[in-house]
Amino acid sequence: MPRPPTTPDPSTATRPARPPSVDTLARSLASTGLPHAICVDIAREAIAADDVEGAPARASAFRRTLLTPVVNATGVLLHTNLGRAPVAFAQPARAVNVEFDLATGERGSRQRAVGQLFARLCGAEAAMIVNNNAAAVLLVTAALAHGRQVLVSRGESVEIGGSFRVPEVMEQSGAVLVDVGTTNRTRLADYRRALSRPAADVALVLKVHPSNYRVEGFVEETPVAQLATLGVPVVADIGSGLIDAGCPWLHGPPPSWLAGAPAAVQSLADGASLVTFSADKLLGGPQAGIIAGDAALVAACSHHPLARALRPGGLTLAALQATALTYLHKRTAEEVPFWRMVATPVAVVQARAEALASRIAGATAVPLEALPGAGSAPGATMASYGIRLTGDRLALLRAADPPIVARTRDGHTFLDLRTVDPADDDHLVAALSRATA
Ligand SMILES: *Cc1c(COP(=O)(O)O)cnc(C)c1O
């Protein structure tokens, strides 16, 4: 029996279609791969904003707020916004003997495994690992100088990376910062004068590598070897974590851009009682901080209550152990991504740039200057090569999957290939061809 024709209800005929239910809209976003609960939030927001059509764009915008691997074509080898040193590390979902002594079957020290490797690498009696170098400096000063004085050259009372400020770290540690010398020149005699004041109660001399800036001209600093004659433990915050100034892992002399960068082995050999440094700068490992040197001082740090709050997790320790073992195996230049980037001859980078440019319409191979980054060796550059495109293509490159991060200058887009893994070259060609189409 045919159905009677339905007469449209005049009161609803002209109204826009009812929005889909939150659930229907959320389900339509499932192909983004986002969890349903997140899709529900996005669907709800889109409906509330009367923007149902915009829901997929909202979902992909959310996706791009998540952590994701990116191609670093900036030419900054250690890009703090891109996680500094790239590291490859994977481990099975197994328990790890983080604090378990396999020899005795008893509870062990979290610091032992990786600490002994760094002690060996640095030529130190002992070493321990914390969350980052800021934590290392905080712990050292809190454990060794709380309520007492720490001498710091006025030229080294620096701010590094926005939130690491020597005077503020000192304040948090409970140590009393004593400024020594002047902004541009600090001599051994200035430290001696601070030590001989009637109220002097000096626990440490802290030498901080200024890292991200350089003073030139009428300048003088007091080297560790001289500070070590003062009779007070010297702590050298060398910052970047160059293990050995001679870079014995490179096949040849150390690169010229490293000239003057303080190194762990030499600072300790010169008489520093402790060195502190980041693991994710010139060391090329995961984010962590290393404290290495005198065994009694390292032990005092590891027994301080803050040590627990600043301790690294098993994942970090395992990744750092892998990095330390690579150094000890002398495979640094081949297997630590940062040093592999450094060690690549510019001719090799140039050949890649030329090969890529020939595959992309409108692209030109150009010489560039790459930077170590992360405040390591400020002002230093290394010869590199890359690709130049006309116009600002940054947004299109960031929209690639994986996203590509490049730089613009004078209305051109530049991709430096020294910081790009050759395995990503084909991806670069595909994304650049789209970006220039
Ligand atoms: C980078 C740096 C720090 C801070 O290290 P993080 O690992 O980023 O916490 C502290 N001191 C110096 C000299 C540095 O170069």
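See the structure above.
Visitor: Explain the environment of Glu125 to me, using residue names and the numbers behind them.
Guide: Among the structural elements, Glu125 can be located in the loop between helix 4 (112–122) and strand 5 (126–130). In sequence terms Glu125 and Lys330 are 205 residues apart; their C-alpha atoms lie 21 Å from each other. The residues touching Glu125, leaving out its near neighbours within four places in the chain, are Ala119, Gly293, Asp294 and Ala295. Polar side-chain contacts of Glu125 include one of 2.8 Å to the backbone nitrogen of Ala295.

Visitor: Which residues make up the pattern of salt bridges, and what values do they have?
Guide: Applying the stated criterion across every chain, the model contains 18 salt bridges. Measuring nitrogen to oxygen at the nearest pair gives 2.6 Å for the salt bridge that ties Lys207 to Glu221. With Lys207 in strand 10 (residues 202–208) and Glu221 in the loop between strand 10 and helix 8 (224–227), this pair connects stretches of sequence that are 14 residues apart. Close ionic contact of Glu335 with Arg331 constitutes a salt bridge, the shortest N to O distance being 3.1 Å. Using a relative accessible area of 36% as the deciding quantity, one classes Arg331 as partly exposed. Salt bridges here are not isolated pairs; linked through shared partners, they connect Glu99, Arg107, Arg110 and Arg311.

Visitor: So what about the site of the ligand? Which residues, and what values?
Guide: Residues in close proximity to the ligand include Arg84, Asn132, Asn133, Ala134, Ile160, Phe164, His209, Ser211, Asp237, Gly239, Ser278 and Lys281, which together make up its full environment. The backbone of Asn133 places a nitrogen or oxygen atom 2.9 Å from an oxygen atom of the ligand. With respect to the ligand, the side chain of Lys281 contributes an N or O atom lying 2.7 Å from an oxygen atom. Considering the ligand on its own, with 380 Å² of exposed area, one finds that the protein chains cover 94% of that surface. Residue composition of the shell around the ligand, by class: three nonpolar, six polar and three charged.

How each quantity is defined
- Along each chain, residues carry numbers from 1 onward, in the same order as the chain's sequence is written.
- Totals for whole chains, interfaces and linings use every residue, but because this is a predicted model, local features are given only for residues with pLDDT of at least 70 and side-chain atom pairs only at 80 or more, for both listing and counting.
- Heavy atoms throughout the structure, all of them, feed into the side-chain values; hydrogens and water do not.
- To qualify as a helix, a DSSP run of H or I must reach at least 4 residues; to qualify as a strand, a run of E must reach at least 2; elements of each kind are numbered from the N terminus.
- Any two residues whose heavy atoms approach within 4.5 Å at even a single point are treated as in contact.
- Within 3.5 Å is the distance limit for a polar contact, defined as a pair of N or O atoms, with the added protein rule that one can donate a hydrogen and the other accept it, and that residues adjacent in sequence qualify only through two side-chain atoms.
- Definition used for salt bridges: Asp or Glu carboxyl oxygen within 4 Å of a side-chain nitrogen of Lys or Arg.
- Buried, partly exposed and exposed residues are distinguished by accessible area as a fraction of the type maximum, computed with a 1.4 Å probe on protein chains only: under 20%, between the cut-offs, and over 50%, respectively.
- By convention in these notes, a residue is near a molecule or strand provided one of its non-hydrogen atoms lies within 4 Å of it.
- Method for areas: the Shrake-Rupley scheme with a 1.4 Å probe, in which residue coverage is limited to the protein chains shown.
- Residue type decides the class: Asp, Glu, Lys and Arg count as charged, Ala, Val, Leu, Ile, Met, Phe, Trp, Tyr, Cys and Pro as nonpolar, and the leftover types, Gly among them, as polar.

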